[in-house]
Amino acid sequence: MMSETRTLQFESPRALQSLYANDIKLLKNLEDSLGVKVTTREGWVKLEGDSNRVDKAQHVFEQLEKARQQGVDIQKHEFNYALKAVSEERDENLGDVVSTKISTSSRKPPIVARSANQRAYVEAIQKHDVVFGIGPAGTGKTYLAVAMAVAALKKEQVARIILTRPAVEAGEALGSGGSIAGIKKCSRDRDCVLYRARRCAA
C-alpha cells in the first residue's frame, strides 16, 4: 500500500490538546491500534502511514473535534470510544452518541450519553412511560434515569419524582447493599437515589 503523510490543522494548540485530554499515552494507543505514526506540535497533528490507516486516524480526530464543538469534555473514555468506533468499523460514532444530552442545571454542563446503549436507554425514557433498565452495575442505569427525572421536573413535565423500591422479605439484601460510587454507606436504597437526584439538580 502507498504510504502517505497528512497534516491536520486545528484552531489552536489548546483545542488540539483537548482532543486527547492532553495525554500523550492516548495518542500512543491510536498509533498502536491503527498502525500509524502521530506527531503533534502547536495546533497541528501529522499522520504517517498507509493511506487507508491515515484515513482512519483522521476520522478519529474528526469525531473528537465534532464532539468538542458540541461542548463535550474529551477524556480517556471519549477518546477510546472514538478510536474503537473507527478501528472496529462501527455504525455509530462519538458525535452521534454525545448528541444525546440531559440538562439538569444551568450551573452545570449537560449530562451526555457515553455509549450507544446509554443513548438508546435515554431515548427510550423520552418515548415511553415505563422503561426497564437491565444490565451490570456501573453502566449508568440509575444515574441516567434520575437525571432524566430531574430534567423533566425542571421543565415542569412532571409534578414530582416518586422513588420506589421492590418489596423484599425482612432482612433480605437488595442489589449491592446500597453501595454507590462516591457514597460510603446509605441506610436505604431510596436515600442513595435521592442523594443522586439532589446532586443532579445542584
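Scroll up to find the structure.
Bear in mind that the values here come from a model prediction, so they are computed numbers and not experimental data.

1. Describing helix H2 (residues 24-34)
Argument step 1. Turning to H2, its buried residues are Leu26, Leu27, Leu30, Glu31 and Leu34. For H2, the angular spread of buried residues about the axis comes to 150°, placing them on one side. Among the exposed residues of H2, those oriented more than 90 degrees off its buried face are Lys25 and Asp32.
Argument step 2. Elements that come into contact with the buried residues of H2 comprise strand E2 (37-41), helix H3 (51-69) and helix H4 (76-87).
Argument step 3. Two to three positions downstream of the cap, the backbone nitrogen of lysine 25 sits 3.0 Å from a side-chain oxygen, assigning the N-cap of H2 to aspartate 23.
Argument step 4. Once H2 finishes, glycine 35 follows within two positions and takes phi at roughly 70°, a positive value.

2. Observations regarding the nonpolar core
Argument step 1. In this structure, Leu30 and Phe61 are the most contacted members of the largest nonpolar core, which totals 30 residues.
Argument step 2. Secondary-structure elements contributing two or more residues to this core are helix H1 (13-19), H2, strand E3 (44-50), H3, H4 and helix H5 (94-98).
Argument step 3. Of all the elements, H3 adds the most residues to this core, at six residues.
Argument step 4. With near-sequence residues (within four places) excluded, phenylalanine 61 lies in contact with Leu8, Phe10, Leu16, Leu19, Leu27, Leu30, Val45 and Leu47.

3. Section: the sheet that holds E2
The strands that make up a sheet pair up through hydrogen bonds in the backbone, lying either parallel or antiparallel.
Argument step 1. Taken in spatial order, the three strands line up as E1-E3-E2 in an open sheet, and their pairing is antiparallel. The sheet is open, and its two edges are formed by strand E1 (3-9) and E2, each paired on a single side. On average, each strand axis in the sheet is tilted by 15° relative to the strand beside it, whichever way the strands run.
Argument step 2. Note that E2 and E3 share five bridges and pair antiparallel. Bridge pairing links threonine 39 to lysine 46 in E3.

4. Quick look at the pattern of salt bridges
Argument step 1. The full count for this structure, using the stated rule, is eight salt bridges.
Argument step 2. Across the salt bridge formed by glutamate 65 and arginine 68, the nearest N and O atoms sit 2.8 Å from each other. With a gap of three residues between them, glutamate 65 and arginine 68 both fall in helix H3, about one helical turn apart.
Argument step 3. Note that glutamate 123 and arginine 119 form a salt bridge whose closest N and O atoms lie 3.2 Å from each other. With a gap of four residues between them, glutamate 123 and arginine 119 both fall in helix H6 (residues 116-127), about one helical turn apart.
Argument step 4. Take arginine 119: its relative accessible area is 26%, and that puts it in the partly exposed class.
Argument step 5. One salt-bridge network, held together by shared partners, links Glu4, Arg6 and Asp55.

5. Concerning the side chain of glutamate 31
Argument step 1. Residue position: glutamate 31 is located in helix H2.
Argument step 2. As a buried residue without a salt bridge, glutamate 31 has its nearest oppositely charged side chain in lysine 28, at a separation of 4.3 Å.
Argument step 3. When near neighbours in sequence (up to four residues on either side) are disregarded, glutamate 31 contacts Val36, Lys37 and Val38.

6. Concerning the side chain of arginine 68
Argument step 1. Separated by 3.2 Å, the side chains of arginine 68 and glutamate 11 make a polar contact.
Argument step 2. Sequence-distant contacts of arginine 68, defined by excluding residues within four places in its chain, comprise Glu11, Ala15, Ser18, Leu19 and Ile74.

How each quantity is defined
- Residues numbered from 1 in each chain as written.
- Predicted model: local features only at pLDDT ≥ 70, side-chain atom pairs only at ≥ 80, totals over all residues.
- Heavy atoms only, no water.
- Buried < 20%, exposed > 50% of the residue type's maximum accessible area, 1.4 Å probe, protein only.
- Helix = DSSP H or I, 4+ residues; strand = E, 2+ residues; numbered from the N terminus.
- Arc of directions from axis to C-beta.
- Contact = heavy atoms within 4.5 Å.
- Polar contact = N/O pair within 3.5 Å; in protein donor to acceptor, adjacent residues only side chain to side chain.
- Core = buried A, V, L, I, M, F, W, Y, C linked by side-chain atoms within 4.5 Å.
- Pairing = 2+ DSSP bridges.
- Axes fitted to C-alpha atoms, helices over the stretch in contact; angles between N-to-C directions.
- Salt bridge = Lys/Arg side-chain N within 4 Å of Asp/Glu carboxyl O.
- Lys, Arg positive; Asp, Glu negative; His and termini not counted.

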